[in-house]
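# Structural characterization, general
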Amino acid sequence: MLSRRNRLLLYKLLSLFSVVRGYNILMITLAQYLASIYILSPNLPLREVVFDINLFLIVTASALVIAAGYIINNFYDAEKDLINKPTKSMLDRLVSQRFKLTTYFILNFLAVFLASYISFRAVLFFSAYIFGIWLYSHKLKRIPFLGNIISATLAIAPFFVVFVYYRNFETVIFVHALFLFLLILAREIIKDLENMAGDLAQNYKTTPIVYGAKLSKIVIGLLIVLTLIPAWLLINEFDVGYMFIYFVVSIILLVLFMFLLWKAETKKDYVWLHNILKLIIISGVFSILLIDVNLVLNRIL
């Protein structure tokens, strides 16, 4: 039986995990490693990739900056989230704003410190990444559509730094990145539709508030149609192994998404749409394994 003090400490740890969205960071870390193994360096021995100290530092620094980004975003959105996410907000408030800011600065310092062991260019990248996340959270997220584009760009930045590290600029990688970028951008606008009540109360000029839900749904529909193009290319023009199954299923889900989008009117409807896109994105991480199911076994020795 835990004492009251230990229970409070446990709740605070859970609160901090909620604030930094630890589950998202774990998924991004896994995605970076899988992309490195299967897409960016398929000809390198598995041991060389997994135990590459520079890759480890890049992935760790990315995780630290993303965690700090979630903290500063939570700091600026505290009042809005009380309306949009009351249950999560109550958990998040177990950790004081002062502690959040202290943790924010510590995480960013550690990220830049780790980057300094890689190269000066890595320091510049992560410094710019930290500044970009802060500027987005403080100002840019309030700008309709531009805020969504910047958020999606920041979301794929950790993968950009990895493929620059491996100097792999094959066309298939850019097509993968375009597919992911368009999905994330559509998801960002769906989140704005989902959170309209809190955004309106806090005077956030998001796309749905400025241009209306109908036009926002048209933009989302256009983005989903555009997403079908890289999905089709990855099925028919590039060798992605058994991962083509993932893209076929994704197309089916996106067609279903389009049907549900036009019928959506309530927050509950938008939550469902958000979850569909989230499912496609998360399952895409694990589907990287389908590129070559024997690849890891063949490269262990």
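Below: a short report on this structure. Residue indices follow the written sequence of each chain, beginning from 1 at its first position. With pLDDT at 70 or above as the cut-off, local features in this predicted model cover only qualifying residues; side-chain atom pairs require 80 or more to be listed or tallied, and sums for whole chains, interfaces and linings still use all residues. The basis for every side-chain value is the complete set of non-hydrogen atoms in the structure, without hydrogens or water.

## Details of helix α7 (residues 97-115)
Formally: Secondary structure elements are taken from DSSP: a helix is a run of H or I of four residues or more, a strand is a run of E of two residues or more, and numbering for both begins at the N terminus. A helix is expected to span 1.5 Å for every residue after the first. Think of it in three bands: residues with accessible area under 20% of the maximum for their type are buried, residues over 50% are exposed, and the middle band is partly exposed, with areas taken using a 1.4 Å probe on protein chains only. The arc refers to the directions leading from the helix axis to the C-beta atoms.
Under the 1.5 Å per step criterion, the end-to-end length of α7 is 27 Å for 19 residues, consistent within 8% with the ideal 27 Å. Those residues of α7 that fall on the buried side of the exposure criterion are Lys100, Thr103, Tyr104, Leu107, Asn108, Ala111, Leu114 and Ala115. Here the buried residues of α7 occupy an arc of 130° about the axis, which is enough to place them on one side. Pointing more than 90 degrees away from the buried face of α7 are the exposed residues Arg98, Phe105 and Phe109.

## Some thoughts on helix α13 (residues 213-236)
Rules: A contact between two residues is defined here by any heavy atoms of the two lying within 4.5 Å.
Taking 1.5 Å per residue, 24 residues should reach 34 Å; α13 reaches 35 Å between its end C-alpha atoms and fits that length. When α13 is considered as a whole, its buried residues turn out to be Ser216, Lys217, Ile220, Gly221, Leu223, Ile224, Thr227, Pro230, Ala231 and Leu234. Where α13 is buried, its residues contact α10 (171-194), α12 (207-211), α14 (244-263) and α15 (267-287).

## A word on the side chain of Ser62
What counts is decided by this rule: Throughout this description, a polar contact denotes any pair of N or O atoms lying within 3.5 Å of each other; where both atoms belong to protein, one of them has to be capable of donating a hydrogen while the other can accept it, and for residues adjacent in sequence the pair is counted only when both atoms sit in side chains.
Here Ser62 is to be found in helix α4 (residues 53-76). Among the polar contacts made by the side chain of Ser62, one reaches the side chain of Gln32 at a distance of 3.4 Å. Ser62 has contacts with Gln32, Phe126, Pro158 and Val161, leaving out every residue within four places of it along the chain.

## Structural notes on the pattern of salt bridges
Put simply, the rule is: Definition used for salt bridges: Asp or Glu carboxyl oxygen within 4 Å of a side-chain nitrogen of Lys or Arg.
Under the definition given, this model contains 1 salt bridge. Across the pair Glu188 and Lys191 runs a salt bridge, and its minimum N-O distance is 3.5 Å. Placement of both Glu188 and Lys191 in helix α10 is noted, with a separation of 3 residues, approximately one turn of the helix. In this structure, Glu188 and Lys191 share a single accessibility class: buried.

## Brief notes about the packing of aromatic side chains
What counts is decided by this rule: Stacked, tilted and edge-to-face are the three classes applied to pairs of Phe, Tyr and Trp rings, where Trp contributes its six-membered ring and a pair requires centres within 6.5 Å; stacked means planes under 30 degrees apart, edge-to-face means over 60, and tilted covers the rest.
By the definition in use, this model includes 13 aromatic pairs. Where Tyr104 meets Phe105, the ring centres are 5.2 Å apart and the plane angle is 70°; that geometry is what we call edge-to-face. Ring centres 5.9 Å apart and planes at 35° place the aromatic pair Phe131 and Trp134 in the tilted group. Of this pair, Phe131 and Trp134 both sit in helix α8 (residues 120-138), 3 residues apart, which is roughly one turn of the helix.

## Quick word on the packing of α8 against helix α9 (residues 146-165)
Put simply, the rule is: Throughout, an axis means a line fitted to C-alpha atoms (over the contacting stretch in the case of helices), and angles, computed between N-to-C directions, take values from 0 to 180 degrees. Here the word oblique covers every angle except those under 35 degrees (roughly parallel), over 145 (roughly antiparallel) and from 65 to 115 (roughly perpendicular). Take the far helix as the reference: if the near one is turned anticlockwise from it by less than a right angle, the crossing is left-handed, and if turned clockwise, right-handed. When residue character is reported, Ala, Val, Leu, Ile, Met, Phe, Trp, Tyr, Cys and Pro are called nonpolar, Asp, Glu, Lys and Arg charged, and the others, Gly included, polar.
Where α8 contacts α9, the axes come no closer than 11 Å and their chain directions differ by 155°. It follows that α8 is roughly antiparallel to α9 by the angle criterion. Our pair here, α8 against α9, has a crossing hand that is left-handed. Facing Phe125, Tyr129, Gly132, Ile133 and Tyr136 of α8, the residues of α9 in contact are Gly147, Ile150, Ser151, Leu154, Ala157, Pro158, Phe160 and Val161. Grouping the amino acids of the contact of α8 with α9 by side-chain chemistry returns 10 nonpolar, 3 polar and no charged.

## Some remarks on the environment of Asp239
Topologically, Asp239 is positioned in the loop between α13 and α14. In this structure, the C-alpha to C-alpha distance between Asp239 and Ile291, residues 52 residues apart in sequence, is 8.2 Å. Within the local environment of Asp239, its side chain forms a polar contact with the backbone nitrogen of Gly241, the two atoms lying 3.2 Å apart.

## Looking at a nonpolar patch on the surface
So the rule is basically this: Residues enter a patch when their relative accessible area is above 30% and they make no salt bridge; the linking distance is 9 Å between like charges and 5 Å between nonpolar side chains (Val, Leu, Ile, Met, Phe, Trp, Tyr). Note that accessible areas follow from Shrake-Rupley with a 1.4 Å probe, and for residues the cover is restricted to the protein chains shown.
Nonpolar side chains collect at one region of the surface, where Tyr242, Phe244, Ile245, Val248, Val249 and Ile252 lie side by side and expose about 540 Å² of accessible area between them. When you line up the elements, Val248 lands in helix α14.

## Focus on the packing of α13 against α14
Following both chains from N to C, one finds α13 and α14 inclined at 165°, their axes separated by 10 Å at the closest point. The orientation of α13 relative to α14 falls into the category roughly antiparallel. Judged by the twist between their axes, the crossing of α13 over α14 is left-handed. Judged by residue contacts, Lys217, Ile218, Ile220, Gly221, Ile224, Val225, Thr227, Leu228, Ala231, Leu234 and Ile235 of α13 engage Phe244, Phe247, Val248, Ile251, Leu254, Phe257, Met258, Leu261 and Trp262 from α14. Looking at side-chain class alone, the contact of α13 with α14 contains 17 nonpolar, 2 polar and 1 charged residues.

## Quick notes on the environment of Pro158
Following the sequence through the fold, Pro158 ends up in helix α9. Not counting the four nearest positions on each side in its chain, Pro158 is found in contact with Ile28, Gln32, Ser62, Ile66 and Tyr129.

Keep in mind that these numbers describe shape and distance, not what the molecule does.
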